[in-house]
Amino acid sequence: RSRSGGRHPVAPAQHGADAGGQFAQSLMNVYTVQSFAQQHAEVQRHRHTREQIYATETKEWWMVLNANFWRDLTINLGRLVVLIFSVHLLLRREITLGSLVLFASLTESAYLSLFRMSRMFDRGSQWAEALGRLAKLLHEPMRVTEAPGAHPIGRMRGEILFDREI
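These numbers were taken from a predicted model, which means no experiment stands behind them. (Residues numbered from 1 in each chain as written. Predicted model: local features only at pLDDT ≥ 70, side-chain atom pairs only at ≥ 80, totals over all residues. Heavy atoms only, no water.)

Student: Please give an account of the pattern of salt bridges that cites residues and values.
Tutor: Proximity of charged atoms lets side chains of opposite charge pair with each other. Under the counting rule described, the total for this entry stands at three salt bridges. Of the charged contacts in the structure, one is a salt bridge between Arg 71 and Asp 72, with a shortest N-O distance of 3.8 Å. For Asp 72, a relative accessible area of 33% translates into the label partly exposed. A salt bridge links Arg 79 to Glu 108; its shortest N-O distance comes to 2.9 Å. Of this pair, Arg 79 sits in helix α2 (residues 39-91) while Glu 108 sits in helix α3 (residues 97-138), placing them 29 residues apart in sequence. On the accessibility criterion, Arg 79 (27% relative accessible area) is partly exposed. (Salt bridge = Lys/Arg side-chain N within 4 Å of Asp/Glu carboxyl O. Buried < 20%, exposed > 50% of the residue type's maximum accessible area, 1.4 Å probe, protein only. Helix = DSSP H or I, 4+ residues; strand = E, 2+ residues; numbered from the N terminus.)

And the structure:
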């Protein structure tokens with residue numbers, strides 16, 4: 001009704017819009033009900049995925065810890081053997097104290113370099129997966145192609161032109 005109390009006919013386009021809106025609303029309601037009905041299955045699926053990720057990450061974490069343990073053990077055992085042997089030679093008076101200090105400092109720098117090199121190898125192995133994915137992506141064929149007969153665009157200037165400014 002209009003404000004004057006008279007009736008105005010409703011345009012057919014308005015009926016179509018109303019019907020479309022009601023249909024869209026009904027469809028959303030159906031999807032909402034389906035979503036609630038599938039909620040338990042979705043939770044189970046996500047729980048399973050989360051458990052798989054946790055198991056994989058735990059396995060990888062223990063592998064990294066194990067590798068770090070053996071690397072540190074090897075380097076520290078090497079340091080200990082060098083120190084014990086150097087003290088043994090010093091007590092037998094086969095080397096001087098200055099030679100012992102020089103030898104210990106040189107071997108310590110060698111062990112430090114070995115440690116740094118092994119850490120670099122660890123990081124490189126962690127990067128390998130990401131680099132593999134990047135290489136695979138670079139070898140993917142282009143999916144967006146030019147239309148056959150399209151005219152070249154030419155050089156773009158990078159300017160934006162606003163025709164209908166408010």
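Student: Outline the layout of surface pockets, listing residues and values.
Tutor: Taken as a whole, the largest pocket holds about 320 Å³ of empty space. Lining of the largest pocket is provided by Glu 60, Met 63, Val 64, Ala 67, Asn 68, Arg 71, Arg 119, Asp 122, Arg 123, Ser 125, Gln 126 and Glu 129. Only α2 and α3 provide two or more residues apiece to the lining of the largest pocket. Class assignment for the residues of the lining of the largest pocket results in three nonpolar, three polar and six charged. (1 Å grid on protein atoms, 1.4 Å probe; cavity = no way out; pocket = protein on both sides within 12 Å on 5 of 7 lines; lining within 4 Å. Points joined across faces, edges and corners; volume = space filled by probe spheres on them. Nonpolar A, V, L, I, M, F, W, Y, C, P; charged D, E, K, R; others polar.)

Student: Outline the packing of aromatic side chains, listing residues and values.
Tutor: Applying the stated criterion to the full structure yields one aromatic pair. Seen in terms of ring centroids, Phe 69 and Trp 70 are 5.2 Å apart; in terms of plane orientation they differ by 75°. Their pairing is edge-to-face. For Phe 69, a relative accessible area of 47% puts it in the partly exposed group. You can call Trp 70 partly exposed: its relative accessible area is 48%. (Phe/Tyr/Trp six-rings, centres within 6.5 Å; stacked < 30°, edge-to-face > 60°.)

Student: Any details on the environment of Leu 112? Residues and values, ideally.
Tutor: Within the secondary structure, Leu 112 sits in helix α3. Accessibility expressed as a relative area gives 34% for Leu 112, which makes it partly exposed. In this structure, the C-alpha to C-alpha distance between Leu 112 and Ile 75, residues 37 residues apart in sequence, is 8.5 Å.

Student: So, α3: which residues are in play, and what are the values?
Tutor: The terminal C-alpha atoms of α3, which comprises 42 residues, lie 59 Å apart, in line with the 62 Å expected from a rise of 1.5 Å per residue. The largest bend along α3 reaches roughly 35° and is located at Ala 128. Those residues of α3 that sit buried are Leu 100, Thr 107, Tyr 111 and Ser 118. In this fold, the buried residues of α3 make contact with α2. (Expected span 1.5 Å × (residues − 1). Bend = angle between axes of the 7 residues up to and from the residue. Contact = heavy atoms within 4.5 Å.)

Function-wise, these values are silent; they only describe arrangement.
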